[in-house]
Amino acid sequence: MTSTRSRLTCEQRAAATSAERRIYINAAPGSGKTTVAAERFGVLRWEPDDDLRRILALSFTRSACAELCTRIRQRWGRTALSWPHVGMTIDALHCEILTYLLRTEAVSWPGGLTELTVLDNWRGQKAARWMAESMGYRRAITLDGTAVGTRGIPVNRAGHYVGKKEDFESHLRAGRCAHEDVRHLVLASLKNAELKAIIAEFLRATTKAVIVDEVFDANELDLALVWLAAEEGLSVTVIGDPWQALYDFRGARPDLVPGMVEAGAFTTYPVSRSFRFTTDTMRTVAEKARSGAPVSLATSADIAECDVVLARKWKDLWDVADCVLPLSFGRLANQTDYYGLRWPRVLVSLGPSSGVGTGAVSRLIWPRLVG
Ligand SMILES: Nc1ncnc2c1ncn2[C@@H]1O[C@H](COP(=O)(O)OP(=O)(O)O)[C@@H](O)[C@H]1O
Ligand SMILES: [Mg+2]
């Protein structure tokens, strides 16, 4: 077990070793969120008490979760993640909760099954097909009281779905469902007072502390579970960078995080030093950009050397050099507006390496793009 605690910054150490039960670690980009999460895992894991419940480290993608577990093992040794202590994706926690509800017969699955095969999505499954938003109805899972059932719902987001009732229900009878179905059932269970009490008791009985890395990736259900854990008296650590908040991923609701932190009286620990920005210039630019001050990375004379030029406002793009071909991916419907930040518009420069006469390409493509 190597000691890296001495290399932590003061802010990192204060966050990782906090004795508070609800903490929010507000981290700048590249400031070591996963490092602090791994550090805190061991601090709570080896707290001198008689609590035999698990420390639960949560992240949102399999790769992020694998990275978090690797860091925990590197920092604390392999026994850090010995049973019952565990790192898992939050989707795996949803599956664990649903399986508990089925095994305890609090919720009943078609055919009385208690073991499920949970798919990432329906793509490639029998009778599943791509459905666009305009393609009418698809079959979806429901919780009717405490029984799992199905109903037809409009396709409100394009994707792979099973359209027909009998096809969908035969998947369910075989124990097959998608993560989206599990999320729906757990969220519906939390809205049922009796089932919510069972989930609360499950969390309280099994888990001493929850550590959530990248909390701004959490959706409504994830945050409801984090909230429930806090209500049940578990130690709850949420770590995130509000500047890395993306709405589209798994229905993430980064806008709900500040409200939860405030309503739950989470103690905030800022972790501000970035290890991503290694030079003084990079640090200064990052600080200016975050404070909303104008930042220029290149003079107009350097523009021809750039591969990509970013600008926050469309009107700023018109004065740049001829060799820059403007492409915009901004649309009213998909713009992220978080803490006043909007996605930049993108200018792609056809630099000398493209081997194409940039002026000619601009003249050919520009009118169509602008139109
Ligand atoms: N106190 C520290 N001293 C030196 N390097 C650090 C420190 N904290 C984090 N790092 C390094 O910074 C990089 C980013 O850390 P990481 O925990 O992955 O950040 P994040 O999860 O915020 O992206 C890693 O290479 C990590 O080893
Ligand atoms: Mg990380």
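Placed above this text is the structure.
Cut-off values and rules
Residues numbered from 1 in each chain as written. Chains lettered and ligands numbered in written order. Predicted model: local features only at pLDDT ≥ 70, side-chain atom pairs only at ≥ 80, totals over all residues. Heavy atoms only, no water. Phe/Tyr/Trp six-rings, centres within 6.5 Å; stacked < 30°, edge-to-face > 60°. Helix = DSSP H or I, 4+ residues; strand = E, 2+ residues; numbered from the N terminus. Buried < 20%, exposed > 50% of the residue type's maximum accessible area, 1.4 Å probe, protein only. Lys NZ or Arg CZ within 6 Å of the ring centre and 35° of its normal. 1 Å grid on protein atoms, 1.4 Å probe; cavity = no way out; pocket = protein on both sides within 12 Å on 5 of 7 lines; lining within 4 Å. Points joined across faces, edges and corners; volume = space filled by probe spheres on them. Disulfide = S-S within 2.5 Å. Nonpolar A, V, L, I, M, F, W, Y, C, P; charged D, E, K, R; others polar. Domains from an automatic or database assignment. Pairing = 2+ DSSP bridges. Right-handed = clockwise from strand over helix to strand, strands pointing away. Salt bridge = Lys/Arg side-chain N within 4 Å of Asp/Glu carboxyl O.

An account of the packing of aromatic side chains is needed here, citing residue identities and associated values.
Using the criterion set out here, one finds four aromatic pairs in the structure. Relative to Phe 216, the ring of Tyr 24 lies with its centre 6.4 Å away and its plane at 65 degrees, an arrangement referred to as edge-to-face. Here Tyr 24 is found in strand E1 (residues 22-27), whereas its partner Phe 216 is found in the loop between strand E10 (207-213) and helix H8 (220-231), with 192 residues between them in sequence. Taking the relative accessible area as the measure of exposure, Phe 216 reaches 2% and is therefore buried. Judged by centre distance (4.6 Å) and plane angle (35 degrees), the rings of Tyr 100 and Phe 202 are tilted. Residue Tyr 100 is found in helix H4 (residues 90-103), and its partner Phe 202 is found in helix H7 (residues 193-206); the two are separated by 102 residues along the sequence. Judged by relative accessible area, Tyr 100 falls into the partly exposed class, the value being 29%. Residue classification places Phe 202 among the buried residues on the basis of a relative accessible area of 9%. For Arg 45, the ring lying beneath its charged end belongs to Trp 46, and the centroid distance is 4.4 Å. It is Arg 75 that lies over the ring of Trp 76; its NZ or CZ is 4.0 Å from the centre.

Account for empty space enclosed by the protein, naming residues and giving values.
For the structure on display, the rule yields one cavity of 30 Å³ or more. Volume-wise, the largest cavity comes out at about 40 Å³. As for the largest cavity, its lining consists of Leu 56, Leu 58, Ile 90, Leu 93, Leu 203, Val 210, Leu 225, Val 226 and Ala 229. Of all the secondary-structure elements, those providing two or more residues to the lining of the largest cavity are strand E2 (54-59), H4 and H8. Looking at the lining of the largest cavity element by element, the count peaks at three residues for H8.

Could you give me a rundown of the state of the cysteines, with the residues and numbers involved?
For the coordinates displayed, the defined rule picks out zero disulfides. Unpaired in this structure, Cys 65 has its nearest cysteine sulfur neighbour in Cys 69, at a distance of 4.4 Å. We classify Cys 65 as buried; its relative accessible area is 7%.

Would you mind going over the layout of surface pockets in detail, with residue names and values included?
Computed from the structure, the second largest pocket encloses a volume of approximately 1,200 Å³. Lining the second largest pocket are 36 residues, and of these His 179, Glu 180, Arg 183, Arg 250 and Gly 251 lie nearest its centre. Residue contributions to the lining of the second largest pocket peak at six residues, all from helix H6 (residues 179-190). Considering only residue class, the lining of the second largest pocket consists of 13 nonpolar, ten polar and 13 charged. Of the residues that make up the lining of the second largest pocket, three or more belong to each of domain 1 (5-93 + 189-271) and domain 2 (117-174).

Explain the pairing of E2 to me, using residue names and the numbers behind them.
Taken across its six residues, E2 has six buried, putting it largely inside the fold. With burial as the criterion, each face of E2 is covered, one bearing Arg 54, Leu 56 and Leu 58 and the other bearing Ile 55, Ala 57 and Ser 59. In terms of strand pairing, E2 meets E10 through five bridges, oriented parallel. Paired with Arg 54 across the bridge in E10 is Thr 207. Bridge count between E2 and strand E3 (residues 86-89): four bridges; the pairing is parallel. What sits directly across from Ala 57, in E3, is Gly 87. Handedness of the crossover joining E2 and E3 through helix H3 (residues 62-76) is recorded here as right-handed.

Describe the pattern of salt bridges, listing the residues and the values that go with them.
A full pass over the atoms with the stated rule returns 15 salt bridges. A salt bridge links Lys 165 to Glu 169; the nearest nitrogen and oxygen atoms lie 3.3 Å apart. Highlighted residues: Lys 165 and Glu 169, both in helix H5 (residues 165-173), separated by four residues, approximately one helical turn. By relative accessible area, which is 40% here, Lys 165 ends up partly exposed.

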